[in-house]
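Geometric and topological summary
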Amino acid sequence: MIVYDMIIKRVNPGGGIDVLFDALIKNCQASELDIFCIFGEEKKRSFSRYLDVKCPLQGIFHSTYYRLPQERKKFDVVTTVHDFTYEKYSSGLKRFVHTSQKSRAIEKSDKVICVSNNTKLDLIGYFPDIDEDSISVVYNGVSDFYYPMKGGGAENDFILYVGGRSGYKNFISLVLALAESLSYSLVCVGGGGFSKAEIEFMNRYIPLRYRHAGYVSEYDLNYLYNTAHCLVYPSLYEGFGIPVVESFKAGCPVVATESSSITEIAAGAAFLTKNASAEELLSGILAFENSKYRSFMISEGLKIADRFSWETCFQKTLEVYKSCSRWAE
């Protein structure tokens, strides 16, 4: 029996972690595995996300967000570690609460899954006493909704940005890069609406050349990937970097940063900058104006995207489950 708590549905519905566990559960059901999903907790008071989970069953427990079963002895616990963003870039109470919960989950887990080798190295750095044999690297997948569309690239006059925009995401550098070129506008997806400070900043540097696409479906996001000049992903740290792989799969070239998991995931198919400065990002954007270079990098990206599927993610996760002592229960 595999037990999933679905607290991620309240913590971050529709986010990358939610997508991951939806894919795992879908594949479990398709494989007719014996699973049990604990729903409903997302409707309780906010602190419930930090509490141990009550479950009358036994077997393998895999929390969607760093929780443990109340009756620990009845389960083998599997925890997925996505990144160490809080540890590296947050402070104060916010960091303390998140890190305390994550640390407790990791220390009391039988198996730990990391979404990249970079995250595994971070894990070992923060938890030097961890048994490395208990760690498995299982890459995230990417939806089949993303694919090159016939006639893609017809617009090609805007830069696409996907995800959060604060701090280490380095969004400011992208705006400053576009300030040096009047050829492209900016389209943002995700990360919530623009703040007043962001609007003032963009009005100063790229007036009338930006918009937020709001919530978009996978179909609409695929269209944006297909019609963008490129995706610019200037983040200074990522545990995996799903938008990069989505972009590859859709046939959209990528400008990103040579750091954390991005170098590992992009593997020579993106224009990687050393520091993601405005000057470097603009160089990447302009590099894709060369049709031969653009076509080559799109081709390389499509090859890499084939490595990342939810089916592969599921099979690798299943191997972790099968290595647990309670797999047969």
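Here, every reference points to the structure presented above.
Only a predicted model underlies this, so the values are computations on that prediction, with no experimental measurement involved.

1. Let's talk about the nonpolar core
If you look at the biggest cluster of nonpolar residues, it comprises 39 residues, and the most contacted ones within it are Tyr4, Leu24, Leu123, Ile130 and Tyr321. Sorting the residues of this core by element identifies strand S1 (2-5), helix H2 (16-30), strand S4 (75-81), helix H4 (92-107), strand S5 (111-114), helix H5 (117-126) and helix H13 (310-322) as the ones contributing at least two each. In terms of residue count, H2 provides more of this core than any other element does, seven residues in total. In contact with Tyr4, not counting residues within four places along its chain, are Phe21, Leu24, Ile25, Cys28, Ile35, Phe36, Cys37, Ile38, His62 and Tyr321. Val189, Val216, Tyr233 and Cys252 belong to the second largest nonpolar core, which has 32 residues in total.

2. Topic: the packing of helix H8 (residues 218-227) against helix H9 (residues 242-250)
Relative orientation of the contacting elements H8 and H9 amounts to 70 degrees, with a least axis distance of 9 Å. Put simply, H8 runs roughly perpendicular to H9. Here H8 contributes Leu221, Asn222, Tyr225 and Asn226 to the contact with H9, which in turn contributes Pro243, Glu246, Ser247 and Ala250. Partitioned by chemical class, the residues of the contact of H8 with H9 number four nonpolar, three polar and one charged.

3. A closer look at unusual backbone geometry
Unusually for a residue other than glycine, Glu32 sits at a positive phi of about 55 degrees. The residue Glu32 is located in the loop between H2 and strand S2 (35-38) in this model. With a relative accessible area of 74%, Glu32 lands in the exposed category. One non-glycine residue, Leu208, lies in positive phi territory at about 65 degrees.

4. Quick word on the pattern of salt bridges
Counting across every chain of the model gives 13 salt bridges. A salt bridge links Glu258 to Lys274; the nearest nitrogen and oxygen atoms lie 3.6 Å apart. Taken together, the positions of Glu258 in the loop between strand S11 (254-257) and helix H10 (260-266) and Lys274 in the loop between strand S12 (271-273) and helix H11 (278-287) put the pair 16 residues apart, joining distant regions of the chain. Residue classification places Lys274 among the exposed residues on the basis of a relative accessible area of 57%.

5. Some details on H5
Taken residue by residue, H5 has Asn118, Thr119, Asp122, Leu123 and Ile124 as its buried positions. As for H5, its buried residues are in contact with S4, helix H3 (85-89), H4, S5, strand S6 (135-137) and H10.

6. As for the side chain of Ser235
Among the secondary structure elements, Ser235 is positioned in the loop between strand S10 (230-233) and H9. For Ser235, a relative accessible area of 1% corresponds to the buried category. A polar side-chain atom of Ser235 sits 2.6 Å from a polar atom in the side chain of Glu238. Once residues lying within four places of it in the same chain are set aside, the contact partners of Ser235 are Tyr168, Lys169, Thr257 and Ser259.

7. What about the state of the cysteines?
In this structure the tally under the stated criterion is zero disulfides. No disulfide involves Cys313; its sulfur sits 11 Å from that of Cys28, the nearest cysteine. You can call Cys313 buried: its relative accessible area is 3%.

8. Quick word on the sheet that holds S1
Strand order in the open sheet formed by six strands is S2-S1-S3-S4-S5-S6, and the pairing between neighbours is parallel. The two strands at the open ends of the sheet, each matched to only one other strand, are S2 and S6. When the angles between neighbouring strand axes are averaged without regard to direction, this sheet yields 20 degrees. Packing of H5 onto the sheet brings it into contact with S4, S5 and S6, and relative to S6 it is tilted by some 155 degrees.

9. Quick word on the packing of aromatic side chains
On inspection of all chains with the given rule, the structure shows 14 aromatic pairs. Plain terms: the ring middles of Tyr4 and Phe21 are 6.1 Å apart, the flat faces sit at 75 degrees to each other, and that makes the pair edge-to-face. Here the residue Tyr4 occupies a position in strand S1, and Phe21 occupies one in helix H2, the gap between them amounting to 17 residues. Of the two residues, Tyr4 and Phe21, neither departs from the other in class, the shared state being buried. Relative to Tyr225, the ring of Tyr146 lies with its centre 5.8 Å away and its plane at 75 degrees, an arrangement referred to as edge-to-face. One end of the pair, Tyr146, is in the loop between S6 and strand S7 (158-162); the other, Tyr225, is in helix H8, with 79 residues separating them in the sequence. Assessed through its relative accessible area of 4%, Tyr146 is described here as buried. One aromatic cluster is present, built from ring pairs that chain together Tyr89, Tyr168 and Tyr237.

10. What to know about the sheet that holds S12
Spatially, the six strands line up as an open sheet ordered S9-S8-S7-S10-S11-S12, and their pairing is parallel. Each of the sheet's edge strands pairs with one partner strand only, and the pair in question is strand S9 (210-212) and S12. On average, each strand axis in the sheet is inclined to that of its neighbour by 25 degrees, with strand direction left out of account. Judged from the three bridges that link them, S10 and S11 form a sheet pairing that is parallel. Across the sheet, Val232 pairs through a bridge with Val255, a residue of S11. The strands that H8 touches are S7, strand S8 (185-189), S9 and S10; relative to S7, the one it contacts most, it runs at about 135 degrees. Packed onto the sheet, H11 meets S7, S10, S11 and S12 and runs at close to 170 degrees relative to S12.

Cut-offs applied
Residues numbered from 1 in each chain as written. Predicted model: local features only at pLDDT ≥ 70, side-chain atom pairs only at ≥ 80, totals over all residues. Heavy atoms only, no water. Core = buried A, V, L, I, M, F, W, Y, C linked by side-chain atoms within 4.5 Å. Buried < 20%, exposed > 50% of the residue type's maximum accessible area, 1.4 Å probe, protein only. Helix = DSSP H or I, 4+ residues; strand = E, 2+ residues; numbered from the N terminus. Contact = heavy atoms within 4.5 Å. Axes fitted to C-alpha atoms, helices over the stretch in contact; angles between N-to-C directions. Parallel < 35°, antiparallel > 145°, perpendicular 65-115°, else oblique. Nonpolar A, V, L, I, M, F, W, Y, C, P; charged D, E, K, R; others polar. Salt bridge = Lys/Arg side-chain N within 4 Å of Asp/Glu carboxyl O. Polar contact = N/O pair within 3.5 Å; in protein donor to acceptor, adjacent residues only side chain to side chain. Disulfide = S-S within 2.5 Å. Pairing = 2+ DSSP bridges. Phe/Tyr/Trp six-rings, centres within 6.5 Å; stacked < 30°, edge-to-face > 60°.

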